[in-house]
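Structure at a glance
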Amino acid sequence: MKKVLLVVVMLLFAGFVADKVIMPLYTLHGSSVRVPDVTGLDAEVARGRLHQAGLSSTTGYSAVYLRDVDSSTVISQRPEAGSAVKPGRGVAILLNKRERPEYHLPDFYGMSLGDVRELLEQHDIVIHDIQEQAVSVESEEGRVVGQSLPPSTVLSDGASLSLIVGRYQQGGEVAMLPVPNVLGLFLKDAREEIIGAGFNTGNVFYEYSSQLVPSTVINQKPSANTLCEPGQVVELTIVIEPE
């Protein structure tokens with residue numbers, strides 16, 4: 001009797017396996033589904049559409065940041081839309097890089113305008129304005145002698161700056177200009193004042209003080225009203241509050 005019951009149980013188990021495992025695999029053998037196009041969709045919507053098509057998904061992020069593309073938008077997929085694949089196949093969806101890359105601005109002094117353009121284009125930084133400045137040294141012709149933002153400024157893609165490029169005047173002397181007085185100004189206003197007067201802003205130093213107004217200029221080099229060549233770098237010291 002026990003042997004009969006054992007045989008019955010084994011037959012029932014075999015039938016269950018055949019019905020739930022073997023037959024579905026047999027049915028799927030040789031079948032395929034078409035991969036839907038999910039590019040341009042929100043990642044969650046794309047995953048839902050792939051799931052509805054009987055497919056799974058994996059997510060990755062682009063190594064290159066694309067401007068004006070949300071980080072949740074699918075920018076490409078593998079396999080491509082329309083591909084015939086087995087049901088349950090994983091589809092890799094690629095999203096835009098999450099963080100805007102930052103760029104530490106170098107010192108462009110002495111570089112050719114073409115080289116500066118090429119370097120900035122790689123980081124999607126725009127040259128907002130180019131001014132010419134008379135120079136007495138022929139080697140400075142066509143080269144950067146000033147920039148609106150000091151070296152080491154951290155910029156994100158899409159930022160802009162202005163440049164001053166040398167224009168050689170043979171046989172002539174470059175007129176000397178007085179350095180403006182920017183003491184007491186906020187850093188942003190001081191930079192604009194210096195650039196507007198034909199000079200370039202350089203390094204910014206910091207000094208702690210609990211009595212002076214934070215972010216204002218307390219020292220400049222060269223000092224105010226010093227006669228200098230246009231494009232001269234002016235270094236500033238500003239106040240920061242003690243922590």
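What counts, and at which threshold
- Residues numbered from 1 in each chain as written.
- Predicted model: local features only at pLDDT ≥ 70, side-chain atom pairs only at ≥ 80, totals over all residues.
- Heavy atoms only, no water.
- Helix = DSSP H or I, 4+ residues; strand = E, 2+ residues; numbered from the N terminus.
- Buried < 20%, exposed > 50% of the residue type's maximum accessible area, 1.4 Å probe, protein only.
- Contact = heavy atoms within 4.5 Å.
- Areas by Shrake-Rupley, 256 points an atom, 1.4 Å probe, with all protein chains shown as cover.
- pLDDT = per-residue confidence, 0-100.
- Salt bridge = Lys/Arg side-chain N within 4 Å of Asp/Glu carboxyl O.
- Pairing = 2+ DSSP bridges.
- Axes fitted to C-alpha atoms, helices over the stretch in contact; angles between N-to-C directions.

Examining the overall build of the protein chain
Counting secondary structure elements, the protein chain contains four helices and 15 strands. When burial is assessed residue by residue, the protein chain has 30% of its 243 residues classed as buried. Sequence separation of at least 24 residues holds for 71% of the intrachain contacts in the protein chain that already meet a minimum separation of 6. Carbon and sulfur atoms provide 54% of the accessible area of the protein chain, an area that totals close to 15200 Å².

So, the confidence of the model for the protein chain
Averaged over all residues, the pLDDT of the protein chain equals 81, while 82% of them reach at least 70. Throughout residues 16-28 the model reports pLDDT below 50, and contacts reaching past four residues in sequence, or to other chains, amount to seven contacts.

Remarks on the pattern of salt bridges
Under the counting rule described, the total for this entry stands at three salt bridges. One salt bridge connects E132 with R167, and the closest N-O pair in it is separated by 3.2 Å. With E132 in strand β7 (residues 126-135) and R167 in strand β10 (residues 160-168), the pair connects residues that are 35 residues apart, well separated along the chain. Between K188 and E192 there is a salt bridge; the shortest N-O distance is 2.8 Å. With a gap of four residues between them, K188 and E192 both fall in helix α4 (residues 187-196), about one helical turn apart. Residue class for E192 comes out partly exposed when judged on its relative accessible area of 47%.

What to know about the sheet that holds strand β12 (residues 200-208)
With respect to topology, three strands assemble into an open sheet ordered β12-β15-β13, the strand pairing being mixed. Edge positions in the sheet fall to β12 and β13 (217-221), since each of these pairs with one other strand and no more. Neighbouring strand axes in the sheet, compared pairwise and without regard to direction, differ in orientation by 25 degrees on average. Lying on the sheet, α4 is in contact with β12, β13 and β15 (233-240); it crosses β12 at an angle near 155 degrees.

Some details on the pairing of β15
In this sheet, β15 lies alongside β12 in parallel orientation, the contact comprising seven bridges. Residue pairing across strands places E207 opposite V239, the latter belonging to β15. For β13 and β15, the ladder comprises four bridges, and the chain directions are antiparallel. Within the sheet, the bridge partner assigned to K221 lies in β15 and is E235.

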